[in-house]
Structures are given as structure tokens and as C-alpha cells.
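Report on the structure
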Amino acid sequence: HMAPDIDLKHFAPTEPSLAEMTEKAIQLLSLNPQGFSLMIEASQVDWAGHANDPVYMVTDFLAFDEAVGKALDFAKKDGETLVIGFADHNTGALSIGQQQGPGAPDYTETSLEDMLDPIKDATITVQGLLSMIPPSPSWQDVRDTFVTYWGDWWNKMTEDQARQIIALEEDSYAIAAYLSNEFMLFGWTTHGHSGEDVPLWSYGKGRPVGHFDNTELAQIMARGFGINLDFMTKRLFIDATKLPGYMLDETD
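My aim in this report is to walk through the structure given alongside it, one point at a time. (Residues numbered from 1 in each chain as written. Predicted model: local features only at pLDDT ≥ 70, side-chain atom pairs only at ≥ 80, totals over all residues. Heavy atoms only, no water.)

**Regarding helix H3 (residues 43-51)**
Turning to H3, its buried residues number three or more, namely Gln44, Val45, Ala48, Gly49, His50 and Ala51. Those residues of H3 hidden inside the fold are in contact with helix H4 (54-78), strand S2 (90-91), helix H9 (172-183) and strand S5 (193-194). Two residues or fewer past H3, asparagine 52 is found with a positive phi of approximately 55°. (Buried < 20%, exposed > 50% of the residue type's maximum accessible area, 1.4 Å probe, protein only. Helix = DSSP H or I, 4+ residues; strand = E, 2+ residues; numbered from the N terminus. Contact = heavy atoms within 4.5 Å.)

Encoded structure:
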């Protein structure tokens, strides 16, 4: 359970980034003349979706992109490496568009600046920022903490808005959702997983391009390794009912 990428400097300055871990893993595994497989999980992107935190989501996706860059650098030099990037699911169902909070721009006049200005100067996640607010804060304490860690744009926070954040107390998920709804152009549908299609990126010989059921990706990677999954199933599968000492406990 490592810190979000943007929070490393605040809370875990000695932790490596995902890109640094990727680079080191490839350096070690590529010493094997028979090749290697490496699974790199950008799990913080999922956690950012659970948290409904756009700062967390954007910055950890960028950290994931840097890690992919390390894998691609190796693959391009090696010439025999298949790189596949995909998600097992989406989380939070982040969307962009018209906000419902006060002062929202007209739908057809929404600009890139409207989208990015609330988060472009952020230096910490919502949960990290909340930990910086002093105990028993005044509404000015809340606003000033946002200004310190998320930039001058947040000077526009009103007393009522700051008191709403105070009222939500320790529930960082609820506060993050409130911030998106009240101040930003980001929408969320859930703090859990969601069922829409997810992106697929690929590079290398035999790379998948198109629309796939996720189970097909396992078949594609097996072919890349020269593994016959049907053969392996026959070799490894054991019918438990034929094992010595087999017993089925039907209690309850």
C-alpha cells in the first residue's frame, strides 16, 4: 500500500515511483536469456477512482504513462517484447462536462481552462490535503489550506462551501465527490467499480488491436509465450472426485 504519486514528496519521499520500479524490474529480469514476463499494476488509478479524486486520478495515470514509457523503451530496443496495457475494469466512471455547482459556465462555452484551472496547481491528493487542515478548523483555515496546496484559484471558496467540507469531517470520499460537484467539471457515478469498456494499448509483434473480451487477452499473451493452454489444462487439471481420500462436506 504505497503513497499516491503526487503525495510521495509529502508523505513517502523514499518510496520509488512506478516508473522507477518498472525500470529496475526490467533491468533485472532482462538478464535471463530465455526471456521474462512482467506484470506491472498501476493500482493507484483504481484507488483514485474509488476516492472520486480527479487530482489523484490524473497524476497517477500520468505516473502509469511514465511506467509504460520505460517498458516501451526496452521493447523498442529489444525487438522481441510484447507490451500490453489494459485495465481489468473502470472505477468511479469519471466523466467530463457541465458542472452543476455555482458559477458553472454555459455548456457550449466551457473551455479547457474551465476544466483544468481547479486542479492544475494541485500538489497533493484530496485525502492528503485534508490531513493538512488544522484540528477544529475555522472556515478560513479550510480555504487557506486549499490555496496552499491547490493554488490561488481556491481563494474563491466561500464560507458556506468551506463549512460543508468541515461538516463532512473525516469522509474524504464524500468531500472529494462534493469538490467535483461544487467546483469542477468532473462527474462520477459511483465510489465502486463500473462496467463500461476500458482502453487497450499494445506494442510489439502479434499485438492485439481492436475490441476484445478480456479473457481473449490471456489467449493472446499465451500465444506470445508459445504456451498451449489446452495442453496445459489437460496436464494440470485434476478431477478432485478421483483423488484418494476425496470427501465432499455438505454441512449446511
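From this point on, the discussion continues.
**Observations regarding unusual backbone geometry**
In this model, alanine 93 sits at a positive phi of 55°, which is unusual for a non-glycine residue. One can find alanine 93 in the loop between S2 and strand S3 (95-96). Judged by its relative accessible area of 13%, alanine 93 is buried. We note that glutamate 169 has phi near 50°; this positive angle belongs to a residue other than glycine. Structurally, the position occupied by glutamate 169 is in the loop between helix H8 (159-167) and H9. Assessed through its relative accessible area of 60%, glutamate 169 is described here as exposed.

**A closer look at the environment of alanine 93**
A sequence separation of 57 residues divides alanine 93 from tryptophan 150, and the C-alpha atoms of the two residues are 23 Å apart. Ignoring any residue separated from it by four or fewer positions in sequence, one finds alanine 93 in contact with Gly187, Trp188, Thr189, Ser194 and Glu196.

**A short note on the nonpolar core**
Counting residues in hydrophobic clusters, the biggest one holds 33 residues, and the most contacted among them are Phe146, Trp150, Trp154, Met157, Ile165, Leu179 and Met184. Contributing elements (two or more residues each) for this core: H3, H4, helix H6 (126-132), helix H7 (139-150), H8 and H9. When near neighbours in sequence (up to four residues on either side) are disregarded, isoleucine 165 contacts Leu130, Val142, Phe146, Met157, Ile175, Tyr178 and Leu179. (Core = buried A, V, L, I, M, F, W, Y, C linked by side-chain atoms within 4.5 Å.)

**Side note on H4**
Since there are 3.6 residues in each turn of an α-helix, residues three or four apart along the chain are aligned in direction. Along its 25 residues, H4 runs 36 Å from first to last C-alpha, staying within 8% of the 36 Å computed at 1.5 Å per residue. Every buried residue of H4 is accounted for by Pro54, Val55, Tyr56, Met57, Thr59, Asp60, Ala63, Phe64, Ala67, Ala71 and Ala75. The opening residue of H4, the one whose side-chain oxygen lies 3.0 Å from the backbone nitrogen of valine 55, is aspartate 53. Once H4 finishes, glycine 79 follows within two positions and takes phi at roughly 80°, a positive value. (Expected span 1.5 Å × (residues − 1). Polar contact = N/O pair within 3.5 Å; in protein donor to acceptor, adjacent residues only side chain to side chain.)

**Topic: the environment of threonine 215**
Along the chain, threonine 215 turns up in helix H10 (residues 214-225). Residue class for threonine 215 comes out exposed when judged on its relative accessible area of 52%. A polar atom in the side chain of threonine 215 sits 2.4 Å from the side chain of aspartate 213.

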